[in-house]
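# Structure assessment
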Amino acid sequence: MPGGRRELEDALAALGESEQRFREMADSAPVLIWMAAPDTLCTFFNRGWLEFTGRTMVEELGNGWTEGVHPDDHDRFLAVYLGAFEQRHSFDTEYRLRRADGEYRWLIDRAVPLFRGGAFAGYIGTCIDVHERRQASDRMARLQAVTARLSRSSTKTEVADAVVHEGAAALQAQAGWIALLTDDESALEMVASVGYLPELEEAYRTLPMSLVNPTVDAVRHARAMWLASADAVAAAYPDLDQDYRRTAFEAMAIVPLMAGGRAVGILALNFEARRSFDSGDRGLLTTMAGQCSQALERARLYDEREDRARSARVLEHVGDGVFQVDQEGRITTWNRAAQNITGVPSERALGKHLTELWTTWEQVAPRIGIAREPTAEGRREALPLEIEGREHWLAISGVSAGESTVYAFRDVTESHALEEARRDFLATASHELRTPLAAVYGAAQTLRKHHLEVSQGDVLLEMIARESERLAGILDDLLVATRLDSGTMKLSIGQCDGLRIVEEIVALEREAVPAEFELAVVADEETPEVACDQERLRQVLMNLVENAIKYSPGGGRVEIALREHDGRVRFSVADEGLGIPQNERERVFEKFYRLDPRLARGVGGTGLGLYIARELVERMEGSIWVESEPGKGSTFHVDLPIAVADPVGG
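This text gives an overview of the structure that appears in the document.

Rules of the game
Residues numbered from 1 in each chain as written. Predicted model: local features only at pLDDT ≥ 70, side-chain atom pairs only at ≥ 80, totals over all residues. Heavy atoms only, no water. Buried < 20%, exposed > 50% of the residue type's maximum accessible area, 1.4 Å probe, protein only. Helix = DSSP H or I, 4+ residues; strand = E, 2+ residues; numbered from the N terminus. Pairing = 2+ DSSP bridges. Polar contact = N/O pair within 3.5 Å; in protein donor to acceptor, adjacent residues only side chain to side chain. Axes fitted to C-alpha atoms, helices over the stretch in contact; angles between N-to-C directions. Left-handed = near helix turned anticlockwise from the far one by under 90°. Contact = heavy atoms within 4.5 Å. Expected span 1.5 Å × (residues − 1). Salt bridge = Lys/Arg side-chain N within 4 Å of Asp/Glu carboxyl O. Patch = residues over 30% accessible without salt bridge, like charges linked within 9 Å, V, L, I, M, F, W, Y side chains within 5 Å. Areas by Shrake-Rupley, 256 points an atom, 1.4 Å probe, with all protein chains shown as cover. Lys, Arg positive; Asp, Glu negative; His and termini not counted. Charge placed at Lys NZ, Arg CZ, Asp CG, Glu CD. Parallel < 35°, antiparallel > 145°, perpendicular 65-115°, else oblique. Nonpolar A, V, L, I, M, F, W, Y, C, P; charged D, E, K, R; others polar. Phe/Tyr/Trp six-rings, centres within 6.5 Å; stacked < 30°, edge-to-face > 60°.

In terms of residue burial, strand β22 (residues 568-574) counts as a mostly covered element, since five of its seven residues are buried. Summarising the sheet, strand β21 (residues 556-565) and β22 pair through seven bridges and their orientation is antiparallel. Within β22, the position partnered with Ile560 by the bridge is Val573. The hairpin formed by β21 and β22 contains two residues between the paired strands, and Asp566 there has a positive phi angle of roughly 55 degrees.

Positionally, Ser572 belongs in strand β22. Among the polar contacts listed, one links the side chain of Ser572 to the side chain of His637, at a separation of 2.7 Å.

Relative to each other, helix α19 (residues 534-550) and helix α20 (residues 609-619) sit at 145 degrees, their axes nearing to 10 Å. Considering only the axes of α19 and α20, their crossing is left-handed. On α20, the residues touching Arg536, Gln539, Val540, Asn543, Leu544 and Asn547 of α19 are Gly609, Leu610, Ile612, Ala613, Leu616 and Val617.

With that out of the way, let us pick up the sheet that holds strand β5 (residues 119-129). Two pairing modes exist for strands in a sheet, parallel and antiparallel, and in both the strands are linked by backbone hydrogen bonds. Spatially, five strands are ordered β2-β1-β5-β4-β3 in an open sheet, and the strand pairing comes out antiparallel. With one partner strand each, in any of the chains shown, β2 (42-45) and β3 (91-98) form the two edges of the open sheet. On average, each strand axis in the sheet is inclined to that of its neighbour by 30 degrees, with strand direction left out of account. Relative to β5, strand β4 (residues 104-116) runs antiparallel, the two sharing ten bridges. By the bridge assignment, Arg116 is partnered in β5 with Ala119. Each of β1 (32-36), β2, β3, β4 and β5 is contacted by helix α4 (residues 71-87), which is oriented at about 145 degrees to β3, the strand it contacts most.

Counted at 1.5 Å a residue, the expected span for α19 with its 17 residues is 24 Å, and the 24 Å between its end C-alpha atoms agrees. Of all 17 residues that make up α19, twelve are buried, and the element is covered over most of its length. Considered for burial, the residues of α19 that qualify are Arg536, Leu537, Arg538, Val540, Leu541, Met542, Asn543, Leu544, Val545, Asn547, Ala548 and Ile549. Between a side-chain oxygen at the N-terminus of α19 and the backbone nitrogen of Glu535 the separation is 3.2 Å; the capping residue is Asp533.

Below, the discussion takes up the pattern of salt bridges. On inspection of all chains with the given rule, the structure shows 33 salt bridges. Salt-bridge contacts for Glu94 lead to Arg133; the nearest nitrogen and oxygen are separated by 2.9 Å. Of this pair, Glu94 sits in strand β3 while Arg133 sits in helix α5 (residues 131-151), and the two are 39 residues apart along the sequence. Given a relative accessible area of 47%, Arg133 falls into the partly exposed group. Glu615 is the salt-bridge partner of Arg614, the closest N and O atoms lying 3.0 Å from each other. The class for Arg614 is partly exposed, based on a relative accessible area of 24%. Relative accessible area serves as the criterion here: at 13%, Glu615 is assigned to the buried category. One network of salt bridges, in which partners are shared, links Arg99, Asp101, Glu103, Arg105 and Asp129.

What follows deals with α4. Along its 17 residues, α4 runs 25 Å from first to last C-alpha, staying within 8% of the 24 Å computed at 1.5 Å per residue. Within α4 the residues assigned to the buried category are Asp73, Phe77, Tyr81, Ala84 and Phe85. Residues of α4 that are buried make contact with β1, β2, β3, β4 and β5. Where α4 ends, the next residue or the one after it, Arg88, has phi of about 60 degrees, a positive value.

This part is about the sheet that holds strand β10 (residues 252-259). Spatially, six strands are ordered β8-β7-β6-β11-β10-β9 in an open sheet, and the strand pairing comes out antiparallel. The sheet terminates laterally at β8 (206-208) and β9 (225-227), the two strands that pair on one side only. Across the sheet, the mean angle from the axis of one strand to that of its neighbour is 20 degrees, orientation sign disregarded. Relative to strand β7 (residues 187-194), helix α6 (residues 156-170) is tilted by about 60 degrees, and along the sheet it contacts β6 (175-181), β7 and β11 (262-270).

Turning next to the side chain of Thr182. Considering the arrangement of structural elements, one finds Thr182 in the loop between β6 and β7. Relative accessible area serves as the criterion here: at 16%, Thr182 is assigned to the buried category. Of the polar contacts made by the side chain of Thr182, one reaches the backbone nitrogen of Ser186; its length is 3.3 Å. Not counting the four nearest positions on each side in its chain, Thr182 is found in contact with Ala187 and Glu189.

We now examine unusual backbone geometry. Within the chain, Arg88 stands out as a residue other than glycine whose phi angle is a positive 60 degrees. Along the chain, Arg88 falls in the loop between α4 and β3. Residue Glu621 is not a glycine yet carries a positive backbone phi of 60 degrees. Turning to its location among the elements, Glu621 is positioned in the loop between α20 and β23 (623-628).

It is worth spelling out a negative patch on the surface at this point. Taken together, the side chains of Asp524, Glu525, Glu526 and Glu564 define an acidic patch exposed on the protein surface. Counting through the fold element by element, Asp524 comes out in the loop between β19 (517-523) and β20 (530-532). Overall, Asp524 belongs to the partly exposed group, its relative accessible area being 32%.

In this section: the packing of helix α18 (residues 498-510) against α19. Each pair of packed helices gets described by two things: the angle between the helix axes and the distance between those axes. The geometry of α18 relative to α19 is characterised by a closest axis approach of 10 Å and an angle of 45 degrees between their N-to-C directions. Classified by the angle their axes make, α18 and α19 are oblique. For the pair α18 and α19, the sense of crossing is right-handed. When α18 is examined against α19, the residues Arg500, Ile501, Val502, Glu504, Ile505, Leu508 and Glu509 are found in contact with a partner set consisting of Gln534, Leu537, Arg538, Leu541, Met542, Val545, Glu546 and Ile549. Partitioning the contact of α18 with α19 into residue classes produces nine nonpolar, one polar and five charged.

With the rule as written, the count across this model stands at 29 aromatic pairs. Note on Phe45 and Trp49: the rings are 4.9 Å apart at their centroids and 40 degrees apart in plane angle, and the pair reads as tilted. Residue Phe45 shares its accessibility class with Trp49, and that shared class is buried. One aromatic cluster in this structure is built from Trp34, Trp65, Phe77, Tyr81, Phe85, Phe91, Tyr95, Phe115, Phe120 and Tyr123.

Encoded structure:
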């Protein structure tokens with residue numbers, strides 16, 4: 001037993017020496033070190049920690065150390081700390097801890113669990129002061145925030161508001177304001193503020209330059225003022241002592257706003273606690289003041305430009321495009337309607353020569369009437385003007401205005417295109433109607449005047465029936481288009497078997513197409529039913545198939561595909577025919593538009609089929625578009641919703 005007691009005493013002595021060596025090493029380490037027991041209560045803090053916090057070991061032990069954690073970081077850090085004890089894993093986090101002088105400093109706390117003999121024995125952690133690095137990162141973020149807000153600010157009020165809010169937040173000031181010199185430089189006038197009580201804000205609103213105070217001096221002498229406390233303010237400006245102490249503020253920072261080498265205003269911040277402004281604080285606020293000065297100068301130029309343009313603002317509410325050119329033909333005014341009509345913003349139009357904007361100006365200009373006085377009866381001829389590769393038809397006239405000319409124009413592109421389409425339609429329709437009418441008339445006359453064999457009569461009667469159907473189809477297109485335009489077309493949406501409709505159309509067309517055509521159906525094994533108007537879907541698909549045949553003069557394969565795609569049913573009609581130029585692919589769906597309006601390729605039609613198809617598909621909550629390459633055929637796609645199955649027993 002005596003031997004066992006001796007071994008125990010030796011072991012305890014060795015353990016004590018080991019802990020003493022650890023404490024000596026920890027106290028000499030250049031980091032803050034802490035240890036905690038398995039119950040989360042702290043059991044040790046090294047000398048570095050105690051010197052940093054200015055507290056005793058007794059005050060810090062247990063949970064005492066949490067009193068120094070910044071209130072905004074307290075709950076977040078404890079969640080990390082306690083969570084680590086539950087999981088028994090390392091953690092690495094940042095939080096603010098109060099230093100002995102009262103300043104909160106950012107620390108990185110890295111901790112690892114301890115195990116003795118396989119049993120969890122608590123944690124050991126080390127903390128490093130990263131306050132300067134964190135502040136530098138925060139300052140950069142604040143400068144980026146100011147830059148972003150200034151990029152969206154155009155007036156001096158918006159600029160000042162952005163800078164004072166971001167500046168106060170960056171330095172954690174309780175209040176701040178920006179003031180600018182009046183035009184006569186007799187006073188400073190507040191432009192924006194944050195954090196002041198109404199009565200104090202009112203007192204700061206206008207400060208005569210005759211006053212003796214730090215704000216006025218910052219402008220008068222174009223230098224920054226860094227006053228760390230109310231005592232510092234009183235020492236520099238004794239007459240302000242009582243008034244300033246009544247504001248309940250301590251520290252004050254005032255930075256002049258510079259323009260053209262002179263001070264034109266100030267950015268000022270107030271703090272409720274004493275503050276020593278380090279180089280980071282001064283650099284950040286000075287940089288913000290510089291950004292503010294530049295932005296205010298831009299805002300001033302913007303205001304001047306607005307003042308010069310105010311007399312012409314009425315033009316912004318005129319429906320006609322209006323622009324003015326100088327003697328050299330360069331654009332000096334470009335109103336909103338001109339921008340909307342041509343698609344060219346004023347920034348790109350102003351200063352440009354007319355020939356730079358309108359490539360066809362020199363050819364068109366001689367046809368524009370220029371009056372000496374504005375008149376309601378001025379001649380406005382619709383003229384084609386090409387703008388950035390697009391042709392616009394403009395009814396344009398001009399008025400001489402001394403050394404400049406003012407032009408007014410109205411966009412008639414759509415009405416001109418519609419008029420052209422109508423002319424083409426009338427020419428096409430007369431041809432389309434005349435051909436079957438001539439055939440019907442000739443066959444009827446032959447039957448009336450001649451005694452024919454039965455077989456010959458049957459041929460003529462079949463011709464009459466076929467051409468009559470063709471006439472009926474043309475008239476039906478006209479009627480459907482009219483009903484679509486007037487909104488009287490009613491659709492009956494239900495569940496439709498798309499594959500059956502496709503197969504019926506193909507079976508019907510196979511009996512009529514020449515032998516050089518191959519009609520094929522490609523479909524998924526199981527295709528869901530479509531939500532549509534069955535007869536109108538049939539009309540759309542029939543039109544697409546007939547167009548595929550019509551625009552494939554050399555024959556070839558016409559494929560009708562049916563498949564489920566992205567939760568919808570897609571019908572695709574592909575041919576190997578003439579194809580469609582890229583700039584025509586949207587226009588083919590316009591009313592009366594035809595790829596071959598002069599029948600140069602012998603392809604007839606009213607120009608209504610695809611217009612009707614688009615309108616019907618959209619009314620069935622679907623979409624239609626075309627993919628094509630000239631000479632390699634076209635593929636028209638129609639996407640329609642999948643029909644929702646009726647509820648059981650519904």
